[in-house]
Amino acid sequence: MMTIPHEIETRIATTATGCVYLVGAGPGDPELLTLKAARLIAQADVLVYDHLVSAPVMALVNPKAERIYAGKERGNHALPQTQLNDLLVSLANQGKCVVRLKGGDPYTFGRGGEEVQTLRASHVRFEVIPGITAATGVAAYAGIPLTHRDYAQACIFVTGHLKDGTMNLDWPGLARRRQTVVIYMGLHGLAHLCEQLIAHGLPHSWPAAIVQQGTQPTQRTVTGTLASLPELATAARLRAPTLIIVGEVVLLHEQLQWIVEAAD
Ligand code: SAH
């Protein structure tokens, strides 16, 4: 029987097994993809994507690729996380080039860390391709410079996802002046968020904004104060995804907006 020299054997092992590319799709505008992301989605054998990935980005996917929807809408997870992790491992073990495409950046509120932990534990090769996260993409397109130095020395990203109807956040740490707070997944908890920030010391008049579908043709920005934003947002009947930005940098929106937004 012919024996394969060790280094060739190793090479066969690494080329015969697949790879999972955890790719950030950005906040919606397809031109905000990195070159690497665009190349990989055009080459993938299989694409596993969630609902945040915009239609124009999906249009760039290899037409021959198998597409698997992984869900992740509020209250509608098409695939539970453990099944999804197992799926990625099994596809890679079939030798496929798998692109796991996530909205924004995979390591920013995207559970990308959990997915690569499973891949590492299963000895599956992976790469992580960062994307423009909602905070930076949306802020740029809404004319809100997150750390304009006249107004902010720090910027904090938090999740406003409600657990048992409340947000378990470090309120004294968030209710500070000279700081911008960006809240992901916060629409349903907006009233609670504004109340808590006021209760922990920020004025009622503190500027706040909420942006619907940022960087997309349907982008809409609603600005107000901690006191007024919840009602303004309800009246505007915003559609997901939305991002909340709290801080004096929001005052710059009027001066620096450069997108003509959809009326509703
Ligand atoms: N990994 C993603 C975030 C996933 S959490 C990223 O880095 O952007 C999902 C939340 O992101 C949404 O609830 C919303 O708060 C925010 N988001 C994502 N895309 C958005 C967009 N285009 N406009 C406004 N908010 C967005």
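See the structure above.
Right, let's walk through the structure included here.

Section: the environment of histidine 204
So, point 1. Within the secondary structure, histidine 204 is located in the loop between α8 (190-199) and β8 (207-212).
So, point 2. Along the sequence, histidine 204 and leucine 226 sit 22 residues apart, while their C-alpha atoms lie 5.5 Å from each other.
So, point 3. With residues up to four places along the chain from it excluded, the contact list for histidine 204 reads Ile198, Thr225, Leu226 and Ala227.

Observations concerning the site of the ligand
So, point 1. In the vicinity of the ligand lie 19 residues, with Asp105, Thr108, Thr133, Ala134 and Thr242 positioned nearest.
So, point 2. Note that an oxygen atom of the ligand is positioned 2.8 Å from one of the backbone N or O atoms of alanine 134.
So, point 3. Interatomic distance of 2.9 Å between a backbone N/O atom of glycine 214 and a nitrogen atom of the ligand.
So, point 4. Within the complex, 92% of the 550 Å² of free accessible area of the ligand lies under protein.
So, point 5. Residue assignment for the shell around the ligand shows that the elements contributing at least two residues are α6 (134-142) and β10 (242-246).
So, point 6. Its residues assigned to classes, the shell around the ligand shows 10 nonpolar, eight polar and one charged.
So, point 7. Three or more residues apiece are contributed to the shell around the ligand by two domains, here domain 1 (6-129) and domain 2 (134-256).

Conventions used here
Residues numbered from 1 in each chain as written. Predicted model: local features only at pLDDT ≥ 70, side-chain atom pairs only at ≥ 80, totals over all residues. Heavy atoms only, no water. Helix = DSSP H or I, 4+ residues; strand = E, 2+ residues; numbered from the N terminus. Contact = heavy atoms within 4.5 Å. Near = heavy atom within 4 Å. Polar contact = N/O pair within 3.5 Å; in protein donor to acceptor, adjacent residues only side chain to side chain. Areas by Shrake-Rupley, 256 points an atom, 1.4 Å probe, with all protein chains shown as cover. Nonpolar A, V, L, I, M, F, W, Y, C, P; charged D, E, K, R; others polar. Domains from an automatic or database assignment.

Read these as layout, nothing more, since geometry by itself doesn't imply function.
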